[in-house]
Amino acid sequence: MNRYREAMEQCAPPEGLQARLREKVCAQKPKRRKRILLAVLAAALILCMGANAIWDPLFIRRFGPKAAFSKLAGAVFQEVNVTAVCDDVELTVTQALCSDSDFHLIFYYKLPDDIEVGDSPPRVHDTQYYITGDYSWEEYRDLEREKWAEVDWTDLNSQFEYKKSSILHPVETWAGGGGSGQPSYDPETRTIRYYAYRSSLHYYDGQETTLVDLTAQPLTIYVAPPLVEQDGEWVPVTDHPAIVTFQPVYDGPQRRSGEWSNGKIAAKVQMSPFSLYLEAQNMGYEYYEDLLKDVYLVKENGAVSPIGLHGLAGGGTWSELAEGCSTVTTTVHFFGITDIMEYSAVRIGEYEIVLE
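Residues numbered from 1 in each chain as written. Predicted model: local features only at pLDDT ≥ 70, side-chain atom pairs only at ≥ 80, totals over all residues. Heavy atoms only, no water.

Caption draft 1: Region of interest: a negative patch on the surface. Taken together, the side chains of Asp-88, Asp-113, Asp-114 and Asp-239 define an acidic patch exposed on the protein surface. Tracing the sequence through the fold places Asp-114 in the loop between strand E3 (103-110) and strand E4 (127-130). Among the residues examined, Asp-114 registers a relative accessible area of 68% and is labelled exposed. (Patch = residues over 30% accessible without salt bridge, like charges linked within 9 Å, V, L, I, M, F, W, Y side chains within 5 Å. Areas by Shrake-Rupley, 256 points an atom, 1.4 Å probe, with all protein chains shown as cover. Salt bridge = Lys/Arg side-chain N within 4 Å of Asp/Glu carboxyl O. Lys, Arg positive; Asp, Glu negative; His and termini not counted. Charge placed at Lys NZ, Arg CZ, Asp CG, Glu CD. Helix = DSSP H or I, 4+ residues; strand = E, 2+ residues; numbered from the N terminus. Buried < 20%, exposed > 50% of the residue type's maximum accessible area, 1.4 Å probe, protein only.)

Now the structure itself:
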């Protein structure tokens, strides 16, 4: 059931509204016309979606006002509003945009009441994501608190060593791509707002690496203590991490994959509404930028377009598993929410990888 689409079908604007808005907008100067159009879109978003389905402005800024009206908007959007009270701090996930392999989420971290915050905003410097719902905050704290006394929460290497020994480590995920927006701090509520995204989540079970199906189990978000500046030094706001768990929900087309090989060279692609993962082996690319120049999306109707029109990659990898055997990987993050069923293949140079 797609509640978003049902709500849109029941949202009937007043008769003649479209014509009146068009007349008013067209009468304005170009610069003012653009501002009015954005205001109209925002107003339409509020009127049509209702108070329980308004996207966070960070999502609107990332994907644009039209994203909430797109074909897959109802499938990816999730109102979460789950809070975990972790002793002296609180961690809340408010909203998420999810596919079966990618997520974009917004969470809030409330600082302890007794911590002083200087002129510089607090820093969130370490987050991790685990495919489990097995531990409440209290259970996690009671099992791990002795280890926390040995962790330097200002040092990422110290935190990395702790996470390797954590009870959560066996269900840790790693991403083909991801990042975060600039955190913002509200001094009145003592709360940090944070936007994070991950794509092509993978999981290593001790024997092989597989893609994660986010909808198959809960997702636990781990946040190390943020840092605040005091007397010229950055110090942690508390002496422990925080975790919160929610169940990702997605009601859209499953990610599509394709592979091609002739025994000497090989290519692999994985496509979701948010991203395209690319892997090219022995195809002559030294840098991921070179690979991207040769990538095209092929629609079901035969139309072909360069990947640069659809999204951007934030980086990539080059590796040599054996002499003469090199692999380049990268993840393209789409500008909008993409209907992956409109595409039949991904073309890399002269080779076409069919999407299954």
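Caption draft 2: Summary view of the nonpolar core. In this structure, Phe-107, Tyr-109 and Ile-221 are the most contacted members of the largest nonpolar core, which totals 42 residues. Looking at this core, the elements that each hand over two or more residues are strand E1 (77-86), strand E2 (89-98), E3, E4, helix H6 (137-148), strand E8 (191-199), strand E11 (219-223) and strand E14 (242-246). Once residues within four sequence positions are removed from consideration, Phe-107 is found in contact with Leu-91, Thr-92, Val-93, Thr-127, Tyr-129, Ile-192, Arg-193, Tyr-194, Ile-221 and Val-223. Counting 24 residues, the second largest nonpolar core, distinct from the first, contains Leu-278, Ile-307, Val-328 and Ile-353. (Core = buried A, V, L, I, M, F, W, Y, C linked by side-chain atoms within 4.5 Å. Contact = heavy atoms within 4.5 Å.)

Caption draft 3: Examining H6 more closely. A rise of 1.5 Å per residue sets the reference length of H6, with its 12 residues, at 16 Å; its end C-alpha atoms lie only 14 Å apart and thus fall more than 12% short of the reference. Listing the buried residues of H6 in full gives Trp-137, Tyr-140, Arg-141, Glu-144 and Trp-148. Across the axial projection of H6, the buried residues extend over an arc of 110°, all falling on one side. Away from its buried face by more than 90 degrees, H6 exposes Leu-143 and Glu-146. (Expected span 1.5 Å × (residues − 1). Arc of directions from axis to C-beta.)

Caption draft 4: View of the side chain of Thr-327. Tracing the chain through its elements places Thr-327 in strand E21 (residues 325-334). The contact partners of Thr-327, leaving out residues within four places of it in the chain, are Glu-279, Ala-280, Gln-281, Thr-317, Trp-318 and Ser-319.

Caption draft 5: Spatial organisation of the environment of Pro-253. With respect to the element layout, Pro-253 can be found in the loop between E14 and strand E15 (256-261). Put simply, Pro-253 and Leu-72 are 181 residues apart on the chain and 9.0 Å apart in space, counted from C-alpha to C-alpha. With residues near it in sequence (within four places) discarded, Pro-253 still touches Leu-72, Ile-340 and Met-341.

Caption draft 6: The arrangement of the sheet that holds E14 in detail. With antiparallel pairing, the three strands of this open sheet are ordered in space as E4-E11-E14. Either end of the sheet is taken by a strand with one partner, and the two such strands are E4 and E14. Averaged over all neighbouring strand pairs, the angle between strand axes comes to 20°, with direction disregarded. Across four bridges, the pairing between E4 and E11 is antiparallel. (Pairing = 2+ DSSP bridges. Axes fitted to C-alpha atoms, helices over the stretch in contact; angles between N-to-C directions.)

Caption draft 7: Broad picture of the environment of Tyr-250. You can see Tyr-250 is positioned in the loop between E14 and E15. According to the relative accessible area criterion, Tyr-250 is buried, its value standing at 10%. Spatially, the C-alpha atoms of Tyr-250 and Val-76 are 5.4 Å apart, while their sequence positions differ by 174 residues. Those residues in contact with Tyr-250, other than ones at most four positions away along the chain, are Ala-75, Val-76, Cys-98, Ser-99, Asp-100, Thr-215 and Pro-273.

Caption draft 8: Structural view of the pairing of strand E12 (residues 227-230). When E12 meets strand E13 (residues 233-236), the two strands line up antiparallel, connected through four bridges. Across the sheet, Glu-229 pairs through a bridge with Trp-234, a residue of E13. Taken together, E12 and the strand that follows it, E13, pair antiparallel across an intervening segment of two residues, in which Asp-231 is found at a positive phi of about 55°.

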